[in-house]
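# Tertiary structure, described
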Amino acid sequence: MNAAASVPGLTPGELRQRVSAVAGMIEGDGIVAGSDADGRLRPLRVDPGPLILGAVEWAGLERALAQRATLLDLVLADLYGPRALVTRGLVPPQIVVGHPGFFAAAAGIPTRGALLTTAADLGKDADGQWRVLADRTQRPLGAGYAMAIRRVIARALAPVHRATPLRRLRGYFDALRSGLLELGATASEAPRVVMLRSPEEEEAAFDEMFAATLLGFPVVVADDLALRGGRLWLTTTGRDEPVDVLVRRVDARRADPLDLAPGSDAGIPGLVEATRRGNVRVVNPVGAGVLENPALGAFLPAISRALLDEDLLLPSARTWWCGEDAGRRHAADHLDDIVLAPLASLPGRGRVFTAELTRDERAALWARVESEPWAWCAQEVLPPWDVELVGTPGTAARAGLLRTFTLTGVNGATVMPGGLARFAAQDDARRVPSLADAVAKDVWVLDGDADRAEAPAGKRDRDRIEVAAATVGPVPLPPRAAEDLYWFGRYVERAESTARLLLVADDLVEDHLTRPGTIGHTAMVAMLGAVDAVTSVQRYRGRTHGPDTAVAPVGDDPVRHLRDLVFEPGRHGSVRFSAARANQAASRVRELLSLDAWLVLSRLQRTLVPGNATDEDLPGVLAAVIEACLALSGMSAEGLVRDASWAFHDAGRRVERAQETVRVLRRTLPAASTRGASLVREATLRARESLLSYRRRRAEGGRSRTPLATALELLLLDETNPRSVAYQLDRLHDDLRHAPSPEPLAALRVPTLGLAGADATALALAPDALASFLEELEAQLRTVSGSVEAACFPHRAPQHSFEERR
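Residues numbered from 1 in each chain as written. Predicted model: local features only at pLDDT ≥ 70, side-chain atom pairs only at ≥ 80, totals over all residues. Heavy atoms only, no water.

### Description of the pairing of strand S9 (residues 225–228)
Put simply, the rule reads: For two strands to be treated as a pair, DSSP must find at least two bridges joining them. The numbering of helices and of strands both runs from the N terminus, where a helix is a DSSP run of H or I of at least 4 residues and a strand a run of E of at least 2.
Here four bridges tie S9 to strand S10 (residues 231–234), and the two strands are oriented antiparallel to one another. By the bridge assignment, Arg228 is partnered in S10 with Arg231. In this antiparallel pair of consecutive strands, S9 and S10, the connection spans two residues, and Gly229 shows a positive phi of 60 degrees.

Shown next as structure tokens:
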């Protein structure tokens, strides 16, 4: 199939110029797929040239996809219901019960209309006809990627995109949202919909989170849900809420550790039975994976005539089931030009291009087929795509596919006008790589109807349901989302605080490293000690290390030490470590954050790549980190509604800032009577962003107090200073009103009362008392932090089936 990269209105040279822009936008938007050798998520590789489909060609394909989705829904309802297809001989029983996606425990559960979303991987045969390589019905992934890529290409090719009459993708997600609400409308006038994902499957996280952003439904994990009284409940930081529709993004085998796979932490015990009783709708249904059986493609034409009284408009790639003599003979005679596929691809048991095997390998494989022929099918190999990737000369034969997305509902089928195309980066590749290893393309469908409008059928009902859902108000925050927002706030604050401290220390090292015995050198050593106390790493000149990690002694090279504390990715307490953890936490609550936050997070990650800066550039790097952290804090302050989402994010920032301030003060100000005290004090105030306020107070009549007393008042007790500990506790008190229990507020009273009764002047005159006060305050703040985590972020114990317990 030809898929040239030419775009009307752009020359090949102009299109090549867009390559770096697209890569930058992909990275800036945080569009990731797959991991590198170190476990870091990699940006998705996207080609600027879209795959363009004409209006006439798409119209026929759209009808065929809608028919196929409707047919698959009917097949699923039959296989878990009367099984008339098996009784009539239209489907061999072996390919049903022998498929790992078929669950006998789900038999009898009504599924008609519940196969809401399907995806189809498409190619073209030698005659140029569209064929289905695989149906994706278990948990179709990729729609989020398709929309994210469209947003990037629309910006990169803005003039052309605006001038080209294209079908838009947003309507698909609007229809999907309405379809999900309609499924739950039978149980409630204001249905609750949640999206269940597995926290262990990071490679699917972007697609799930971005789709949730578009749909407006909360993303949850199994720990956030519980079955009580036969109903599914969402556990939140407020009151629990009943769930009417569960969008399942975990593997079906892990969805219910009671009835399906024992020991799964990603599922909900009793979910299958709750579905059977009609207390919750699961999309797609548990057991829908049986439709992904490639052998089913050999029987779909006859099934279509039986169930729809229509010829199948979009057949699979020609398929022969080896459980039939004729199919097995065909496979044996055409091993040079077929793919042998098991009924289900499992680790170590996937599709095999037999032409690539040696004679001995082919003989061994065929022996496996003959030992259990019912478990195998043969499928024709579709021709490669003649596709041009921007930046490579001409076209080349590449393996590829187009994944389309269809949803079915009471008002018919809706097909996303486009989809997600992916191709092998290497010429002449036969296998279609995973998305992480492929080059993706946007898919443009030309619009032949400028007056296109939404079909009126069912719109009034959908509007009624949408209005009812909106009257419920925002869904209270699940504990896992609250935890991620809390730690996102903490890690951003930690990165900023550490960067400020390192910037001050770097200035002191620059000025005083080669001047031992001076006041400046004494201050430098004190600040380096504060740096190590805050970052919990090895103390300057080889003192004891903190609890997070053991590192080599610093020795006499503080410049390298400071650089490591900026760029070392695996060192707990480094700026890069904190930034990476902030990014991870944010990625798990993507649907709650501004899309612009990813531009800043991406820039922050790039800033902290070691090769991008020399030692002389370190101050500039730290200034860029501070700028990015301030931008993230500003986006959160201006973008998050003042509900539980904001409260837990802000609570993380307040806890972190209070603890960081006290840690710094413990290592600097108690020694204020020593040589170099003035320089240490001013360095401390600068690191806590309070030096200007300090100087203004000293100039405006604060000389009745000692300089140390003024600094203590400003950093500890002043409730008007946004950097003081008292200010953090006051804000934290407001935030913790959203906590599900009173324990955190009770723990907070101890340091709050301690600060209220403190006297900065008296503490400044008694160094030992000041040291004890700060040590006790730090311990109290750790108690507050622990109380927040224990009360607000409970973790469920591992689930076990009765069989496993026996």
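Still more to cover.
### Looking at empty space enclosed by the protein
As a reminder of what qualifies: A pocket, in this scheme, is an open set of points on a 1 Å grid over the protein atoms alone with protein on both sides within 12 Å along at least 5 of 7 lines, while a cavity is a set where a 1.4 Å probe fits but cannot get out; residues line either one if an atom lies within 4 Å of a point. Grid points are joined across faces, edges and corners, and a volume is the space filled by probe spheres set on the points.
Applying the stated criterion to the full structure yields four cavities of 30 Å³ or more. Reported here for the largest cavity is a volume of approximately 200 Å³. Along its surface, the largest cavity is lined by 18 residues, and Thr117, Pro140, Leu176, Val247 and Arg249 are the ones closest to its centre. At the level of elements, helix H8 (170–184), helix H9 (205–215) and strand S12 (245–248) are the ones that each hand at least two residues to the lining of the largest cavity. With four residues, the single largest contributor to the lining of the largest cavity is H8. Counted as a void, the second largest cavity has a volume near 50 Å³. For the lining of the second largest cavity, the secondary structure elements donating two or more residues are helix H3 (55–79) and strand S5 (117–124). Counting residues per element, the lining of the second largest cavity draws most heavily on H3, which supplies four residues.

### Regarding the layout of surface pockets
A probe matching the size of a water molecule, rolled over the atoms, marks out where space remains unfilled. We apply this condition: Charged residues are taken to be Asp, Glu, Lys and Arg, nonpolar residues to be Ala, Val, Leu, Ile, Met, Phe, Trp, Tyr, Cys and Pro, and polar residues to be all remaining types, Gly included.
Roughly 930 Å³ of internal volume is contained in the second largest pocket. Lining the second largest pocket are 33 residues, and of these Arg40, Leu41, Ala580, Asn583 and Gln605 sit closest to its centre. Of all the secondary structure elements, the ones that give two or more residues to the lining of the second largest pocket are helix H2 (18–28), strand S3 (41–43), H9, helix H18 (575–587) and helix H19 (597–607). It is H18 that provides the largest number of residues to the lining of the second largest pocket, a total of seven residues. Taken together, the residues of the lining of the second largest pocket break down into 14 nonpolar, eight polar and 11 charged.

### Thoughts on unusual backbone geometry
The step from Val283 to Asn284 runs through a cis peptide bond, and the omega angle for that step is -15 degrees. On the secondary structure map, Asn284 appears in the loop between strand S13 (281–283) and helix H11 (300–307). The phi torsion at Arg83 lies on the positive side, around 55 degrees, for a residue other than glycine. Within the secondary structure, Arg83 is located in the loop between H3 and helix H4 (84–87).

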